[in-house]
Amino acid sequence: MLKNIKGLLLLSCLFISLSTSVNAQSIANGKPIRIIVGVTTGGTTDNLARYIANELSKELKQSVFVENKPGAGGNIAAQFVAKAPSDGLTLLFVNTSHSVNAGLYGDQAGYDPVKDFTPITLISTGPAVLVANPSFPANNVKELIALAKAKPGKLNFAIGGVGTSIHMAGELFKHSAQVDITNIPYKGSSPALTDVMAGQVELMFAAVINAVPQVKAGKLKALGVTGNQRIPALPDVPPISETIPGYESTAYFGLLAPANLPKDVLEKISKIAMKASGQSELKNKLEPDGSKTVGSTPEEFRKFLVQDVDKWKRVVKATGAQP
């Protein structure tokens with residue numbers, strides 16, 4: 001009888017211990033967590049945010065959902081999160097536009113991309129690809145530069161979103177190559193790609209995941225990639241830096257919270273997000289397109305943000321890019 005009582009007590013203690021462990025993982029008594037995304041549904045940023053939301057939900061044992069607040073190049077979403085309570089219940093999933101907007105909009109952005117947020121982790125980075133209509137006479141970056149210099153202002157870049165990484169890849173290209181190519185802005189990458197394939201616009205910087213299927217189908221011609229090395233999906237396409245030394249433009253995706261997030265909450269969320277970034281499931285999806293999973297610490301992500309914001313401020317100032 002005594003052994004049975006001792007056994008029950010041990011089981012009770014174990015149950016309490018396990019329950020405490022699970023509850024300790026939850027945030028703010030298990031209330032739903034929102035991850036705000038400043039773009040519409042369906043794109044790379046949105047899909048990555050939903051992946052992270054699912055991983056957080058599994059580990060924290062509470063509801064985590066994505067809420068899309070598109071508009072103003074991500075400024076609406078960033079302003080919303082910057083003003084939210086710093087309790088871990090409202091997070092922000094960002095891409096390169098978060099850094100670019102500081103230079104593009106200045107004080108009108110309505111927030112500081114570093115000071116008004118708590119960096120959690122840098123999820124991944126990845127290049128873009130410079131594509132052209134198949135009938136475009138230039139077959140590589142060197143030929144494109146020669147053609148652009150022979151016809152200043154006559155060639156066109158389709159811009160699939162002002163202030164995005166692919167917009168700034170074009171601005172950096174024009175500045176670095178000292179060429180005059182006209183921007184044609186679109187409300188998204190899909191209509192921009194459609195017009196390039198149709199020959200309405202000659203050139204575009206596009207996300208690798210969007211461009212590769214069209215390149216392989218012969219509907220687009222790839223001239224160069226914006227990273228500093230070739231990518232598995234397009235092994236025959238050289239980096240632009242082989243023609244323009246020092247050129248590099250990569251997109252990033254990361255998770256932020258409002259400023260002054262409590263240390264214990266930051267540790268819980270960052271630990272899960274860092275682990276999620278390193279999972280083979282995500283790597284297998286991203287690496288063929290030349291992207292790299294990162295899973296940085298909060299402090300490493302803060303340093304990255306400071307450097308990236310400074311870089312794009314200099315590019316915006318040098319190129320005179322406008323929102």
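Residues numbered from 1 in each chain as written. Predicted model: local features only at pLDDT ≥ 70, side-chain atom pairs only at ≥ 80, totals over all residues. Heavy atoms only, no water.

**Regarding the overall build of the protein**
Each helix and strand counted, the protein has 11 helices and 10 strands in total. By principal-axis analysis of the C-alpha atoms, the protein measures approximately 95 × 40 × 30 Å. Burial status across the protein gives 49% buried among its 323 residues. The long-range fraction of contacts in the protein, counting pairs at least 24 apart against all pairs at least 6 apart in sequence, stands at 77%. About 15200 Å² of surface is accessible on the protein, with carbon and sulfur atoms providing 54% of the total. Placing the 33 positive and 25 negative side-chain charges of the protein at their respective mean positions leaves the two points 3 Å apart. (Helix = DSSP H or I, 4+ residues; strand = E, 2+ residues; numbered from the N terminus. Buried < 20%, exposed > 50% of the residue type's maximum accessible area, 1.4 Å probe, protein only. Contact = heavy atoms within 4.5 Å. Areas by Shrake-Rupley, 256 points an atom, 1.4 Å probe, with all protein chains shown as cover. Lys, Arg positive; Asp, Glu negative; His and termini not counted. Charge placed at Lys NZ, Arg CZ, Asp CG, Glu CD.)

**Remarks on the side chain of Thr90**
Along the chain, Thr90 falls in strand S3 (residues 90-95). Among residues more than four places away in sequence, those in contact with Thr90 are Arg34, Ile36, Phe80, Val81, Ala84, Ala257 and Pro258.

**A look at unusual backbone geometry**
A positive phi angle, near 55 degrees, is found at Ala72, a position not held by glycine. Inspection of the secondary structure assignment puts Ala72 in the loop between strand S2 (64-68) and helix H3 (75-82). In the Ramachandran plot, Gln178 falls in the positive-phi region, its phi being about 55 degrees despite a non-glycine side chain. By the element assignment, Gln178 lies in the loop between helix H6 (165-177) and strand S6 (182-185). When its relative accessible area of 57% is taken as the criterion, Gln178 is described as exposed.

**Structural notes on the confidence of the model for the protein**
Averaged over all residues, the pLDDT of the protein equals 90, while 92% of them reach at least 70. Averaged pLDDT values for the elements of the protein fall to 43 in helix H1 (residues 2-25) and rise to 98 in helix H5 (residues 141-150). (pLDDT = per-residue confidence, 0-100.)

**Considering the packing of helix H2 (residues 44-60) against helix H9 (residues 263-277)**
At a closest axis distance of 10 Å, the pairing of H2 and H9 adopts a crossing angle of 125 degrees. Relative to H9, H2 is oriented oblique. Taken as a pair, H2 and H9 cross one another with a handedness that is right-handed. Along its contact with H2, which presents Tyr51, Ile52, Glu55, Leu56, Glu59 and Leu60, the element H9 presents Ile269, Ile272, Lys275 and Ala276. Partitioned by chemical class, the residues of the contact of H2 with H9 number seven nonpolar, no polar and three charged. (Axes fitted to C-alpha atoms, helices over the stretch in contact; angles between N-to-C directions. Parallel < 35°, antiparallel > 145°, perpendicular 65-115°, else oblique. Left-handed = near helix turned anticlockwise from the far one by under 90°. Nonpolar A, V, L, I, M, F, W, Y, C, P; charged D, E, K, R; others polar.)

**Notes on the nonpolar core**
In terms of nonpolar packing, the biggest core is built from 51 residues, with Leu92, Leu130, Leu144, Phe173, Leu203 and Phe205 touching the most fellow members. Residues Tyr51, Ala53, Leu91 and Ala273 belong to the second largest nonpolar core, which totals 30 residues. (Core = buried A, V, L, I, M, F, W, Y, C linked by side-chain atoms within 4.5 Å.)

**A word on the environment of Gly320**
Examined against the element boundaries, Gly320 turns out to sit in the segment after helix H11 (298-319). For Gly320 and Leu223, which are 97 residues apart along the polypeptide, the C-alpha to C-alpha distance reads 25 Å.

**What about the pairing of S2?**
As paired elements, strand S1 (residues 33-37) and S2 share five bridges and run parallel to each other. By the bridge assignment, Arg34 is partnered in S2 with Phe65. (Pairing = 2+ DSSP bridges.)

**Focus on the pattern of salt bridges**
What the rule picks out here adds up to eight salt bridges. One network of salt bridges, in which partners are shared, links Arg34, Glu67 and Lys69. (Salt bridge = Lys/Arg side-chain N within 4 Å of Asp/Glu carboxyl O.)

**With respect to the side chain of Ser99**
On the secondary structure map, Ser99 appears in helix H4 (residues 97-105). Overall, the relative accessible area of 0% leaves Ser99 in the buried class. Side chain to side chain, Ser99 and Asp308 meet in a polar contact 3.0 Å long. Not counting residues up to four positions away in its chain, the partners in contact with Ser99 are Tyr252, Leu305, Asp308, Val309 and Trp312. (Polar contact = N/O pair within 3.5 Å; in protein donor to acceptor, adjacent residues only side chain to side chain.)

**Structural notes on H6**
Given 3.6 residues per helical turn, the α-helix brings residues three or four places apart onto the same face. Between its terminal C-alpha atoms H6 stretches 18 Å, which fits the 18 Å expected from 13 residues at 1.5 Å a residue. Taking burial as the measure, the 13 residues of H6 include 11 buried ones, the bulk of the element. When we look at burial in H6, the residues that qualify are Ser165, Ile166, His167, Met168, Ala169, Gly170, Glu171, Leu172, Phe173, Lys174 and Ala177. At the C-terminal side of H6, Gln178 shows a positive phi close to 55 degrees. (Expected span 1.5 Å × (residues − 1).)

**What to know about the packing of aromatic side chains**
Using the criterion set out here, one finds eight aromatic pairs in the structure. Grouped by ring-pair contacts, the aromatic residues Phe157, Phe173, Phe205 and Tyr247 constitute a single cluster. The ring of Phe80 carries the charged tip of Lys69 above its face, separated from the ring centre by 4.5 Å. (Phe/Tyr/Trp six-rings, centres within 6.5 Å; stacked < 30°, edge-to-face > 60°. Lys NZ or Arg CZ within 6 Å of the ring centre and 35° of its normal.)

**A short note on the pairing of S6**
Here strand S5 (residues 156-159) pairs with S6 via four bridges, running parallel. Looking at S6, one finds that Ala158 is bridged to Ile184. In terms of handedness, the path from S5 via H6 over to S6 forms a crossover that is right-handed. (Right-handed = clockwise from strand over helix to strand, strands pointing away.)

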